[in-house]
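Below, each chain spelled out in residue letters.
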Amino acid sequence: MQLKKLSLALATAGVWWLGNGVASAAEEVQLAETQVEDAEQQKKVKARLEEIKAEEKAAAKAASGYYVERRSYGTQKETEPPRYVKQLNKTWLKDYDSFADVDWLDIGFEYRARYESRQNDFRRAQENIDDPLLLRSRAYLGLKNILDPFRFAVEVQDSRRNHSDYNDSADRRLSNDPKDIDHADFLQAYLELYFKESIFGKDDLGNNRPFWVRGGRLAWEDLDRRLIARNEWRNTTNTFQGIRANIGEKKNDWQLEAFAVQPVQRFANQLDQVDHAQKFYGLVGDWRGWSDYVTIQPYYFYLKQNGNRVEYDGNGTAYSDRSVYTAIQQTRASIDREINTGGVRVYGVVPGTQWDYDASYSKQWGEVQRYTGSLATGRYINVDHDAYAYTAEVGYTFNKHSWKPRFSGSYGVASGDKVSGTTATDTSDNQGFDRLFGFARPWSNNDYIQMNNIRAAKIRAEFDPKVPFLDNVKVDTGFSWYRLDSATDRWAAGNNLQDVTGNAGRDLGKEFDLRVRFPLSQYAALNLGYAHFWAGDFVKTTSRLVAGQANRSDTSNFFYTELTLYGF
């Protein structure tokens, strides 16, 4: 009897276990099916998110085309037309019925006043304190669309300097310095043929590749502004006269520009004139179609100078003026030059990161004349021009931080001349890099450095602080170390100080700078800045050799406040 009960209990337990096992298996199958469905659903969600991301990327690319803005410090080109210019029906004039539909006229007005305080300015031979007030007015008028392909534009500028110690200087190069002063003159005045749809077709995104050619007075910027620039910081502006032609625009996968011009000589108190001693030609390409992460800009420039037609220095002072120049100085300035400049620039953002980069290399070659010996017994000799320059910058932006801070480091070199003997007897190759018509300010906020005979290392920080009562505040600050590339060549921006023996060394000094920019309104903006310079051994030694400067200070300070007003 007991055996029967035990068997029945075991049988019952087996059925229960088997039932539970079947139920567990069914639950596991159902769970597995649910997991598979969830995984498939997640794949679909992930795929859709990727599709949305690709669609957003495609839409953004369709809007901006192939163009990717550089992030490197101080290298953003001025737009064409300039940023202060607006289409008429996009200004406050649109509120008037007569102007509401006028999309064929560009108009602009800008007034800038900058007060500077310079203590011991090393650009000057003498230590002093100078507090100039620099005033600049610009106006622009451009016609487009309505008469296409015919267009034109006119831009005028008036630049003045008040309250400077140098306004009353006996040296005309200082009292009428066209880096600061250029009364009422034309920056641009050109006729243009513009073809929105050209024989060069469209790019793969469907963007038209326009073609235009301009002739007349021209002002523009190329590459990173170090070789061709309008010089927006300076109170006066580089201009040229001649022809520019362009295939494509920045939205396209490739673009090509060509020009044949002559630089315009600035004068403080008379109309500017074409410099017939110089001719300047160039080709600049942009290749953006290879990758979203790199823009490649190859370029070639050719500068030819006829020594027989050289009349003025860079300050508009005649070499024949014996109150400023001697006969031997005039003779040494009246030289033939042929300088070829070829190079390439690459910039972009590293894929999948916030790292950015900007690098360029320039090689110069050609032939220049040099006058050796005295005025009575000297002669012109031809020497090779063999120079180079390169720059490299790497930065990182913290995009997730509300202030969008960017930290960067850069290094730049422009070769200097290795002078053999004295400047009057030197027969070696000319190795000093010619900066052509470039912008100096990215090298130094004190304006102490030009793209010649320099080695510069920099660290920088840029950020957009969130200020409750102001939008779009921008702050940048940096520290720089400067050395001469050649100890025997001159410090061009430092009053041309030079030690042909090389005994003064190559240490130029260090610089700290700080800048704050913010808009006051739609029609006004304020710019505040400060720069401090510590002189190196070269500066200390050579500047104190100038008569009366034996006790010159080792440091300089530069403070400025700049107000810009816009008419539209």
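Residues numbered from 1 in each chain as written. Predicted model: local features only at pLDDT ≥ 70, side-chain atom pairs only at ≥ 80, totals over all residues. Heavy atoms only, no water.

Q: Is there a simple way to think about the overall build of the chain in this case?
A: Across its full length, the chain carries four helices and 21 strands. Dimensions of the chain along its principal axes, counting C-alpha atoms only, are 145 × 65 × 50 Å. Split into buried and exposed, the 568 residues of the chain put 46% on the buried side. Relative to all contacts within the chain whose residues are 6 or more apart in sequence, the contacts with residues 24 or more apart total 66%. When the accessible surface of the chain is totalled, it reaches about 28400 Å², and 57% of it is carbon and sulfur. (Helix = DSSP H or I, 4+ residues; strand = E, 2+ residues; numbered from the N terminus. Buried < 20%, exposed > 50% of the residue type's maximum accessible area, 1.4 Å probe, protein only. Contact = heavy atoms within 4.5 Å. Areas by Shrake-Rupley, 256 points an atom, 1.4 Å probe, with all protein chains shown as cover.)

Q: Would you explain the pairing of strand 19 (residues 507-521) in this entry?
A: The side chains of a regular strand alternate between both faces of the sheet. With ten bridges connecting them, strand 18 (residues 474-483) and strand 19 associate as antiparallel partners. In the sheet register, K474 faces strand 19, and the bridge partner there is R517. With twelve bridges joining them, strand 19 and strand 20 (residues 524-535) adopt antiparallel strand pairing. When the sheet's bridge partners are listed, E511 is paired in strand 20 with F533. Where strand 19 folds back onto strand 20 in an antiparallel hairpin, the turn is made up of two residues. (Pairing = 2+ DSSP bridges.)

Q: What is the right way to read the pattern of salt bridges from this model?
A: Two side chains with opposite charge may pair up if their charged atoms get near one another. Inspection of every chain in the model, using the stated rule, returns 47 salt bridges. Put simply, R123 and D121 hold a salt bridge, and the shortest N to O gap is 2.8 Å. A relative accessible area of 4% means that D121 is categorised as buried. For D253, the salt bridge is made with R209, and the minimal N-O distance between the two is 2.8 Å. Separated by 44 residues along the polypeptide, D253 in the loop between strand 8 (240-247) and strand 9 (254-265) and R209 in the loop between strand 6 (182-195) and strand 7 (211-218) bring together distant segments of the chain. Owing to a relative accessible area of 4%, R209 belongs among the buried residues under this scheme. (Salt bridge = Lys/Arg side-chain N within 4 Å of Asp/Glu carboxyl O.)

Q: Mind showing me how you'd approach a nonpolar patch on the surface here?
A: A grouping of I146, L147, F150, L193 and F195 is seen on the molecular surface, where their side chains present a nonpolar patch of about 470 Å² in accessible area. Checked against the element boundaries, L193 lands in strand 6. Since its relative accessible area comes to 31%, L193 is described here as partly exposed. (Patch = residues over 30% accessible without salt bridge, like charges linked within 9 Å, V, L, I, M, F, W, Y side chains within 5 Å.)

Q: Would you mind showing me how to read the environment of R83 here?
A: Within the secondary structure layout, R83 lies in the loop between helix 1 (2-64) and strand 1 (85-87). Spatially, the C-alpha atom of R83 lies 24 Å from that of E116, the residues being 33 residues apart in sequence. Discounting residues that sit within four places of it in the chain, R83 has contacts with Q76, K77 and E78.

Q: Please explain unusual backbone geometry as it appears in this structure.
A: Note: most peptide bonds trans; most residues except glycine with negative phi. The omega angle of the peptide bond from E80 to P81 is 0 degrees, so this bond is cis rather than trans. Within the secondary structure, P81 is located in the loop between helix 1 and strand 1. Residue P149 is bonded to the preceding D148 through a cis peptide linkage, with omega at 15 degrees. The topology assignment puts P149 in the loop between strand 4 (133-143) and strand 5 (150-162). The backbone of N120 shows a phi angle near 60 degrees, a positive value even though the residue is not glycine. For N120, the location among the structural elements is in the loop between strand 2 (105-119) and strand 3 (129-130). The class of N120 is buried, set by a relative accessible area of 3%. Residue N496 is not a glycine yet carries a positive backbone phi of 55 degrees. Here N496 lies in the loop between strand 18 and strand 19. Looking at N496, the relative accessible area reads 43%, which means it is partly exposed.

Q: Please explain the packing of aromatic side chains as it appears in this structure.
A: Here a ring pair, both rings aromatic, is described through the centre-centre distance and the interplanar angle of the planes. Inspection of the entire model under this criterion finds 31 aromatic pairs. Between the aromatic rings of W220 and F259, the centroid separation amounts to 5.2 Å while the plane-to-plane angle is 65 degrees, which identifies the pairing as edge-to-face. Of this pair, W220 sits in the loop between strand 7 and strand 8 while F259 sits in strand 9, and the two are 39 residues apart along the sequence. On the basis of relative accessibility, which here comes to 1%, the residue W220 falls in the buried class. Ring centres of F558 and Y560 lie 5.4 Å apart, and the angle between their planes is 35 degrees; this geometry places the pair in the tilted category. Each member of the pair, F558 as well as Y560, carries the same accessibility label: buried. The lysine or arginine in question, R124, covers the ring of Y166, its NZ or CZ lying 4.4 Å from the ring centre. A cation over an aromatic ring shows up here: R226 above the ring of W443, its NZ or CZ 5.3 Å from the ring centre. (Phe/Tyr/Trp six-rings, centres within 6.5 Å; stacked < 30°, edge-to-face > 60°. Lys NZ or Arg CZ within 6 Å of the ring centre and 35° of its normal.)

Q: Which parts of the structure should I look at to understand the nonpolar core?
A: Generally speaking, soluble globular proteins have nonpolar side chains that are buried together. If you look at the biggest cluster of nonpolar residues, it comprises 41 residues, and the most contacted ones within it are F280, F301, I449, I454, W491, L508 and F538. Every element with two or more residues in this core is listed here: strand 9, strand 11 (278-291), strand 12 (294-305), strand 15 (379-397), strand 17 (454-463), strand 20 and helix 4 (537-543). It is strand 12 that contributes the most residues to this core, three residues altogether. Apart from the residues lying within four places of it in its own chain, the contact partners of F538 are L484, W491, L497, Q498, D499, A504, G505, R506, D507 and L508. (Core = buried A, V, L, I, M, F, W, Y, C linked by side-chain atoms within 4.5 Å.)

Q: What exactly am I supposed to notice about the side chain of D222 here?
A: With respect to the helices, strands and loops of the structure, D222 is situated in the loop between strand 7 and strand 8. Despite its burial, D222 remains without a salt bridge, the nearest opposite charge being carried by K77 at 4.3 Å. A distance of 2.8 Å separates the side chain of D222 from the side chain of W220, its partner in a polar contact. Setting aside chain neighbours within four positions, we find D222 in contact with K77, I228, E257, F259 and V284. (Lys, Arg positive; Asp, Glu negative; His and termini not counted. Polar contact = N/O pair within 3.5 Å; in protein donor to acceptor, adjacent residues only side chain to side chain.)

Q: Would you mind showing me how to read the pairing of strand 2 here?
A: Extensive coverage of strand 2 is indicated by the burial of eleven of its 15 residues. Sheet analysis places strand 1 next to strand 2, joined by three bridges and oriented antiparallel. Among the inter-strand pairings, V85 is bridged to a residue of strand 2, identified as G108. Across eleven bridges, strand 2 lies against strand 4 in antiparallel orientation. Looking at strand 4, one finds that G108 is bridged to Y140. Relative to strand 21 (residues 555-566), strand 2 runs antiparallel, the two being bridged by ten bridges. By the bridge assignment, S117 is partnered in strand 21 with F559. Here strand 2 runs beside strand 3; their pairing, made up of two bridges, is antiparallel. By the bridge assignment, Q119 is partnered in strand 3 with I129.

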